[in-house]
Amino acid sequence: MSAQPSTVPPESEPAPERPDPRDAFFAREHLKEDLRARSAAGGVVTALTQGVRLGLRTLSIPVLNRLLTPDDFGVFSVVLAITSMAGMLSFSGLTMSTVQRERITHAQVSSLFWINTGISAGLAALLLALAPLVGMFYADPRTTQVTAVMSVTILLAGLALQHQAILTRQMRVRAVAGSDLASQVLGILAALVAAWLGAGYWALVIQSVATQAIFLIGVLWLCRWMPSRPRFAEGVGAMVGFGLDLTVTNLVSMGRGMFDLALVGRRFGTEAAGLYSRSYAVLQLPVAQFVQPMAGVAIPMRSALAAEPVRLRSAWRQLQEKLALVTMPPIAGLIATSDWSIRILLGPQWAESAALFAVLGFLGIAQPIFIAHHWLYIACGRTRQLLYANIVLLILTVIGAMAIANHGAMGVAWGMVISTVALQAPFQFWYTARCTPVRVGDLLAAIWPGLAYSGAVLAGALGVRQLVTFDALTIASSVKGIGVAAAGSLACCGVLYACVPALRASVRSAMELALAPLLRRLGRKRKEPS
């Protein structure tokens, strides 16, 4: 008689734990259904939201810049260069684990939340303790006080990271964009009121703290996810390793982006830093309106296609092409009308920054290229290669910024432009083609429509300026000048659109992708019975 099999599992093979029903909150299999339409829907929401945001910021900038001085902006910006670095450390790269992993559990996300919170709290305390050293570095005691208060923003941002990542994982672009829009609008209003009351550079500090606090409230309310008690869940170690690579990578990238401003503030004072930072910030407006929301669509979409190189190349090329088309030509227009734009956007006290504004514009045109490449490395899981690339780019940035820094802030700006065009961009193309499925031909094909239309904008605006003269002494004459320059730019772009079929196809493709959800909804309504 054979022995009956035991119904008790051996001690060496414990029974599997029951699945946590809360894990279903992080499922994303449904997102792969009609991925193109979901991406396009996100693009429509992004365009509408960012259009409103751009309008509000464009209206607020002239007021805020007339209430504050270049020195006020300089005090804030040199501190922001340091707090941004600390904030990048608190980011820890752990949000990308939440966004990118095919499967992730409630327990794992809870662990990541508490890790993010702990790191953020520690960095905020460290920055508060080191605030006197910041004042010594810039030889300005005001920066000590600003650093101490700005340390709060690191903790606020750290608390919001995982909830924002969950919304991004679920491709809830409207939720993220809505929270961002509300926080930006209310932060701007707080800054305007404080500046009007005579708060000076503290108005900018108030804006930063208010923006982070309101964004935190927004994502907490919309996400409706609560972490479990602190504990280290299984599998989190690998995510921390992935996050560590990404953190160091982002830190190096941030250092590359902030080095020139820190150099100007250290060597030439807060007023020069204010002129430099504000000029570049205005040029970043077209890019800033699209980068973060597009990343919320781009990274999850490309992560879902990471195992399909052909589709990945096609998806990345479309996104890079769209980003270039909507950001590069407006920046080219700002370059061609720098004196008029400064008079309208910043005010007469900023007139001396017009030449600096024009030079920094060429850095702004190149920025979308490096941003899209950053997305591509992350989507392909090549964080280590991205780190190596950013280290090389940082070295080239230091060389460029230092090369002719003896000529003041303008020398730093020209050094950055030369380094970007002659050294950094060629290296980035070569290394990206070597480390990802995207080839050099794809890289060039994705940006050339944006560059072509940017050239047309420059040619049209500068050509008109040779025929018609408007001074930049008044807002009225500056507006007239920009209007005439815009007409010349549109005429040149129209000729380019009519004569080059490939450029027509690029514009049509971008428009079709953006309008796809609207057309789909209209088609469904027509099929519905009355």
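Residues numbered from 1 in each chain as written. Predicted model: local features only at pLDDT ≥ 70, side-chain atom pairs only at ≥ 80, totals over all residues. Heavy atoms only, no water.

A. Just the overall build of the protein, in detail. Helix and strand counts for the protein come out as 17 helices and 0 strands. Counting over 530 residues, the protein shows a buried share of 52%. In the form shown here, the protein has an accessible surface area of approximately 23900 Å², with 67% of it arising from carbon and sulfur atoms. (Helix = DSSP H or I, 4+ residues; strand = E, 2+ residues; numbered from the N terminus. Buried < 20%, exposed > 50% of the residue type's maximum accessible area, 1.4 Å probe, protein only. Areas by Shrake-Rupley, 256 points an atom, 1.4 Å probe, with all protein chains shown as cover.)

B. Examining the packing of aromatic side chains more closely. For the coordinates displayed, the defined rule picks out 9 aromatic pairs. Where F113 meets W114, the ring centres are 5.0 Å apart and the plane angle is 80 degrees; that geometry is what we call edge-to-face. Judged by its relative accessible area of 33%, W114 is partly exposed. Summarising the aromatic geometry, the rings of F427 and Y431 are spaced 5.5 Å apart at their centres and angled 15 degrees between planes, so their arrangement reads as stacked. Separated by 4 residues within a single helix, F427 and Y431 lie in helix α14 (residues 408-435), roughly one turn from each other. Assessed through its relative accessible area of 17%, F427 is described here as buried. (Phe/Tyr/Trp six-rings, centres within 6.5 Å; stacked < 30°, edge-to-face > 60°.)

C. Quick look at a nonpolar patch on the surface. A cluster of nonpolar side chains, contributed by V63, L67, V193, W196 and L197, occupies part of the molecular surface with about 540 Å² of accessible area. One can find L67 in helix α1 (residues 35-67). (Patch = residues over 30% accessible without salt bridge, like charges linked within 9 Å, V, L, I, M, F, W, Y side chains within 5 Å. Salt bridge = Lys/Arg side-chain N within 4 Å of Asp/Glu carboxyl O.)

D. Fine view of the packing of helix α12 (residues 354-379) against helix α13 (residues 383-403). It is the contact of α12 with α13, at a shortest axis distance of 8 Å, that shows an interaxial angle of 150 degrees. By the criterion of interaxial angle, the relationship of α12 to α13 is roughly antiparallel. Where α12 crosses over α13, the handedness of that crossing is left-handed. Contacts between α12 and α13 involve F370, H374, Y377 and I378 from the first element and T383, Q385, L386, N390 and L393 from the second. Counted by class, the contact of α12 with α13 contains 5 nonpolar, 4 polar and no charged residues. (Axes fitted to C-alpha atoms, helices over the stretch in contact; angles between N-to-C directions. Parallel < 35°, antiparallel > 145°, perpendicular 65-115°, else oblique. Left-handed = near helix turned anticlockwise from the far one by under 90°. Contact = heavy atoms within 4.5 Å. Nonpolar A, V, L, I, M, F, W, Y, C, P; charged D, E, K, R; others polar.)

E. Focus on the side chain of T270. Position of T270 among the secondary structure elements: in helix α8 (residues 236-283). Side chain to side chain, T270 and D71 meet in a polar contact 2.5 Å long. The residues touching T270, leaving out its near neighbours within four places in the chain, are P70, D71, G74, V75, D140 and R142. (Polar contact = N/O pair within 3.5 Å; in protein donor to acceptor, adjacent residues only side chain to side chain.)

F. Expanded view of the confidence of the model for the protein. Per-residue pLDDT for the protein has a mean of 81; in total, 80% of the residues score no lower than 70. Below a pLDDT of 50 lies the segment residues 1-16, which in the model reaches 0 contacts outside its immediate sequence neighbourhood of four places, other chains included. Across residues 516-522, where pLDDT falls below 50, the model places 7 contacts with residues more than four positions away in sequence or in other chains. (pLDDT = per-residue confidence, 0-100.)

G. Region of the structure containing the side chain of S353. Of note, S353 is situated in the loop between α11 (338-345) and α12. Apart from the residues lying within four places of it in its own chain, the contact partners of S353 are L275, S279, I342 and L346.

H. Seen up close, helix α5 (residues 142-169). The end-to-end C-alpha distance of α5, which contains 28 residues, comes to 41 Å, matching closely the 40 Å that a straight helix rising 1.5 Å per residue would cover. Maximal helix bending in α5 amounts to about 35 degrees, located at L161. Looking at the residues trailing α5, positive phi occurs at M171, about 55 degrees. (Expected span 1.5 Å × (residues − 1). Bend = angle between axes of the 7 residues up to and from the residue.)

I. Inspection of the pattern of salt bridges at higher detail. Summed over all chains, the structure comprises 3 salt bridges. For R142, the salt bridge goes to D140, with nearest N and O atoms at 2.7 Å. For R142, a relative accessible area of 24% translates into the label partly exposed. Two residues, R465 and D339, come together in a salt bridge whose shortest N-O distance is 2.9 Å. One end of the pair, R465, is in helix α15 (residues 440-467); the other, D339, is in helix α11, and 126 residues separate them in sequence. Note on R465: relative accessible area 24%, which makes it partly exposed.

J. The arrangement of unusual backbone geometry in detail. Even without glycine at this site, A139 takes up a positive phi of about 55 degrees. If you trace the backbone, A139 turns up in the loop between α4 (106-138) and α5. The backbone phi angle of R224 is positive, close to 55 degrees, even though this residue is not glycine. Take R224: it is sitting in the loop between α7 (202-223) and α8. The class of R224 is exposed, set by a relative accessible area of 56%.

K. Region of interest: the environment of L503. With respect to the helices and strands, the residue L503 is situated in helix α17 (residues 501-527). By relative accessible area, which is 0% here, L503 ends up buried. In this structure, the C-alpha to C-alpha distance between L503 and Y453, residues 50 residues apart in sequence, is 8.7 Å. Once residues within four sequence positions are removed from consideration, L503 is found in contact with W448, P449, A452, Y453 and L496.

L. Geometry of the nonpolar core. Ranked by internal contacts, the top residues of the largest apolar core, which has 85 residues, are L64, Y276 and V412. Sorting elements by how many residues they give to this core places α12 first, with 13 residues. Non-local contacts of L64, meaning those with residues more than four positions away in its chain, are made with F73, A191, L192, A195, L204, Q207 and R278. I104, A160, V176 and V236 belong to the second largest nonpolar core, which has 19 residues in total. (Core = buried A, V, L, I, M, F, W, Y, C linked by side-chain atoms within 4.5 Å.)

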